[in-house]
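Here are the chains, one letter per residue:
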Amino acid sequence: MYTSVLTDRRSFIKRMALLSAMTAAATMFPGILFAEEQERGLPKNGNLDWKKAPCRFCGVGCGVLVGIENGKAVAVKGDPKSEVNKGLCCVKGYHSVIAMYGKDRLTKPLIKKNGKYVETSMKEALDLIASKMKETIKDYGKDAVSIYGSGQWTIPDGYVASKLFKGCIGTNNVEANARLCMASAVTGFMTSFGMDEPMGCYEDIDYADVFVLWGNNMAEMHPVLFSRMLDQRSKRNIKIIDLATRTTRTSKASDRSIIFEPQTDLAIANAICYEIIKNGWVNKSFVEKHCNFSKGLTNIGYGLEDKFKFKDKPEKITFEEYKKFLEDYTPEKVSKLSGVSVRDIKYMASYYGDPNKKVMSLWCMGVNQHTRGTWMNNLVYNIHLLTGKISEPGNSPFSLTGQPSACGTVREVGTLTHKLPKGVVMNKKHREIAAKIWDVPVENISPKPTYHTVEMFRALDRGDIKFMWIQVTNPMVTMPKLKRYRDAAKKEGRFIVVSDIYPTPTTDIADVILPSAMWIEREGMYGNSERRTQYFEQMVEPPGESMSDTWQLIEVAKRMGYEKQFYYKEETHIEEIYNEYIQFHKGKKHGMAPLEVLKEESGAIWPYVDGKSTQWRFNSKYDPATTKEGFDFYGKPDGRAVIWQRPYEPAAEVPDSDYPYWLNTGRVIEHWHTGSMTRRIPVLHKAMPYAYVELNPEDAKRMRIKTGDKVKLTTRRGEIIMPASVNERGIPAPMQVFVPFFDENMLINDITLDSFCPISKEPDYKKCAVKVEKV
Amino acid sequence: MKRLGIISLFTLLFAVFIIVWNYSYQSGLEEAYIPINNNKPTSYFLENEGMEYSKFDLDYANMPFDENHQRTLEEYYKNRAYYGAPPIIPHSVKEDLNIGRNSCLQCHQSGGFSKRFKAYAPIVPHPEMTNCKQCHVPQKSNSLFSETNFKKGKFPEVGVNSALNGSPPTIPHPIQMRKNCLSCHATPSTPKKIRVTHPERIDCMQCHVQSNNNINISELEVFIRKNYTNEK
Ligand code: SF4
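We now turn to the structure provided with this report. (Residues numbered from 1 in each chain as written. Chains lettered and ligands numbered in written order. Predicted model: local features only at pLDDT ≥ 70, side-chain atom pairs only at ≥ 80, totals over all residues. Heavy atoms only, no water.)

## Concerning the site of the ligand
All names here are of chain A. Taken together, Cys 55, Phe 57, Cys 58, Gly 61, Cys 62, Cys 89, Cys 90, Lys 92, Gly 93, Pro 223 and Val 224 form the complete shell of residues around the ligand. Among the detected pockets, the ligand sits in the second largest cavity. Contributions of two or more residues to the shell around the ligand are made by helix H3 (91-94) and helix H8 (223-235). (Near = heavy atom within 4 Å. 1 Å grid on protein atoms, 1.4 Å probe; cavity = no way out; pocket = protein on both sides within 12 Å on 5 of 7 lines; lining within 4 Å. Sits in = over half its atoms within 2 Å of the grid points. Helix = DSSP H or I, 4+ residues; strand = E, 2+ residues; numbered from the N terminus.)

As structure tokens, this is what we get:
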């Protein structure tokens, strides 16, 4: 053994002072000052100020503690007190603060003059935006201006955007990128339950016996929740079933990996319902008391053409009719279509049907980014409704969100063309509520929704929209069939404002670039997947002239003459806005926690009633808004949830002899969306430096492609060359390829298809036909 | 009948031979790596308060000590983006398609010497968490996407954390997810500077207390002694 260097020649007194200082005195007697020298040796970190915030990145919404030192964020740890993550984060969360300190951070507003970006002052930039908007409205009408926001908008950002555009200007041209990820979840909830967002919460994970993941690579996309599941598995006998089109880390870590042919999840869900009914596993009293049966239109199209319109016509049906409909979905028939064995279908059905097993279904983009996304959401609810496994601890169909505030901002504040903070623009009552709180004449709020996201960019292309303000999102990487919309944005006579923190392909098309303050450089709130609203204070100063998106909007609103509505004071505006906003949600069904509570706790779950979060909605045991014993699906007028008859229909574009492969796109654990933040975090960029195309090893062998070889992907929209990846992060099924979309140097969305779910208008990024060649 | 018996005996022997040969061949193929202990993890997940030690019955008191293959504290710190960050994976990773449970933990649950890396595998202080790559990522590239202004900040020094000459030093770092002190302070991969001289005394916190840096200062209220006699 050796002697360690535990002693040196420091004097007795100094050591004495150090220990007592570090353990007690510093906090208890703040008046005592320490000699610099005495603190030397201990890292400066020793005196870090740890402040709580929700994580900047994904929809899990982990609580983090950010270590602040000399006005800079220098460290992150998981907040042990957070109910979401109990102290654990993922690699993005741990390194999140580094995203604020990229060298190429935008710090000054830039205005495009003769093809060049010129630095200017914030005042001038905001003046220009306001005058441009006024001019556009005067020349082309209100519906020629638009705002395109984000599920990464804080609640106040989205709220003032909606108030300015819908309330003051009077156009419903308000959309957000959550249309691209969460719209099908919303329409799923609305059609099945009449109220958005999950009935359960993350705590369900601690009670469920079986987890069925519908096209959801949780190990990478919702890693902390996945770890929570793994933790349960090490303690109890639980089963994780991964039902997917690609073999991922999740498949490898689950108890059963089931691979299906893209789009056939519709048929699989129906087959499970068929089995449940056939085997008498239906929870009869639940269905009789709490459910209706309905069907809607079929053959509903894919939205590929401009100005595509669709309106569903729901029609009530009987249980017998529904049962008859399901006869097309016997496990044997569905097995042929989906490639899933009869045994596996029956295996899943038996878990759903077993009254002694609590089942949680989890899904995210696989189900939502689907040309029948709304149907798919309905179908998963069908399974839970038929078996009565819903709204109680552990029995939980759980729609996960991708973005940190897709729920909090886009869905709850309602920054979508048809939405208002409470209700929809089509409803007169809802318009009246909004007009009153917003202090605008009710006629201001237009009763007609305008453009959903894809159509909004199409309108920009056609010239129906002349002015677009883009905040906290990077559509020039994420729009499907991207080339069309990039060209659109560059057309003459379009004026694009982009608020962001770094240069991106989207700032490249901007006429004005505003530098934004991000995350903890300002104050705000996010709302995560489990209806939890979380607050964060401003912890560090934003660089240069950067300004929060909220305040940018307020400044422009004032310049447009809406001082009365935008009366907020700079020091207190977040609080004022939040207090104004929560008036919309007053009541037992959607009450929001007061700001003091959010500041104290690691967030609160709405409905927040009488000082308590409601963890399970629609169940009288937990939800004070219910009006009868047992279950009350009060989103629907008769308190009954709807079981929908939804058939299998093929994808918009199916592989054929010219384009024989399926193309699937998605994320990786290291990068957040388009990587504009995470790629500036050295650890993450070095871990995942560029995009690639994953091939099935058999296909690769046949084409003599190995990892690193250049591969050309061609679709009807264009082509792209990228390096191959074989047997690495994921393994697509034979005749399928997968490409992550984070890399702005390899824009996979240039060749994806802009088909969408006709009900939700959410594009399908997971399926189109592609040709694969070695170059 | 007899012939059949002989044939099947031979077949059986042959099969056994194949299996044994295959096994030894397979183990020969495995990376030269000597696990010290192979106990299966039991489970705990951030619920335990206080220190965790010897959770997997590793014999920390008798860990080999190999001066030729010891890391320095600088190397140890180099793998972290800031003080307290989850370390990166400083070597290439063969299988990307797994969460780490069955691969990372093979070496990092119990440690051992790897000939390939000519180093001892560090032992993970939280082997119950099996989604390793959720927090630890390898580095596949040396380039940056764009430069950063983020500074690593200072890491703690050694030998300055005791109150008295020779008194037990305090713990200068948070112990969240690092409650098993010995897994970092008493293994062959432990940097010399932070290796404990007395690993046989397993109740570390009996003598070493934490300095206050993992307490959320803003949560502590200022203690004010009340003067009860003056109370109205
Ligand atoms: S799981 Fe999501 S919310 Fe949690 S730390 Fe990772 S990115 Fe942040």
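## What about the side chain of A:Lys389?
All names here are of chain A. Checked against the element boundaries, Lys 389 lands in the loop between helix H16 (373-386) and strand E15 (396-399). We note that Lys 389 is buried and unpaired, the nearest opposite charge coming from Asp 354 at a distance of 5.8 Å. Only 2.6 Å separates the side chain of Lys 389 from the backbone oxygen of Asp 354, close enough to count as a polar contact. (Buried < 20%, exposed > 50% of the residue type's maximum accessible area, 1.4 Å probe, protein only. Lys, Arg positive; Asp, Glu negative; His and termini not counted. Salt bridge = Lys/Arg side-chain N within 4 Å of Asp/Glu carboxyl O. Polar contact = N/O pair within 3.5 Å; in protein donor to acceptor, adjacent residues only side chain to side chain.)

## Structural notes on the packing of helix H19 (residues 453-462) of chain A against helix H21 (residues 482-490) of chain A
Residue and element names in this part refer to chain A. Where H19 meets H21, the closest approach of the two axes is 8 Å, and the angle between their N-to-C directions is 45 degrees. As judged from the angle between their axes, H19 and H21 are oblique. The hand of the H19/H21 crossing is left-handed. Residue-level inspection shows Val 454, Phe 457, Arg 458, Leu 460 and Asp 461 of H19 in contact with H21, the latter providing Arg 484, Tyr 485, Ala 488 and Ala 489. Classifying every residue of the contact of H19 with H21 by side-chain character gives six nonpolar, no polar and three charged. (Axes fitted to C-alpha atoms, helices over the stretch in contact; angles between N-to-C directions. Parallel < 35°, antiparallel > 145°, perpendicular 65-115°, else oblique. Left-handed = near helix turned anticlockwise from the far one by under 90°. Contact = heavy atoms within 4.5 Å. Nonpolar A, V, L, I, M, F, W, Y, C, P; charged D, E, K, R; others polar.)

## Quick look at the packing of aromatic side chains
Each aromatic ring pair is characterised by the separation of its centres together with the angle its planes make. Residues and elements named next belong to chain A. A complete count under the given rule lists 37 aromatic pairs over all chains for this structure. Taking the centre distance of 5.3 Å and the plane angle of 55 degrees together, the rings of Tyr 526 and Phe 536 count as tilted. Highlighted residues: Tyr 526 in strand E19 (residues 524-527) and Phe 536 in strand E20 (residues 532-536), separated in sequence by ten residues. For Phe 536, a relative accessible area of 0% puts it in the buried group. Arg 372 extends its terminal NZ or CZ atom over the ring of Trp 375, reaching a point 5.2 Å from the ring centre. (Phe/Tyr/Trp six-rings, centres within 6.5 Å; stacked < 30°, edge-to-face > 60°. Lys NZ or Arg CZ within 6 Å of the ring centre and 35° of its normal.)

## What about a nonpolar patch on the surface?
Nonpolar side chains collect at one region of the surface, where B:Ile6, B:Leu9, B:Phe10 and B:Leu13 lie side by side and expose about 430 Å² of accessible area between them. Along the polypeptide, B:Leu9 turns up in helix H1 (residues 2-29). (Patch = residues over 30% accessible without salt bridge, like charges linked within 9 Å, V, L, I, M, F, W, Y side chains within 5 Å. Areas by Shrake-Rupley, 256 points an atom, 1.4 Å probe, with all protein chains shown as cover.)

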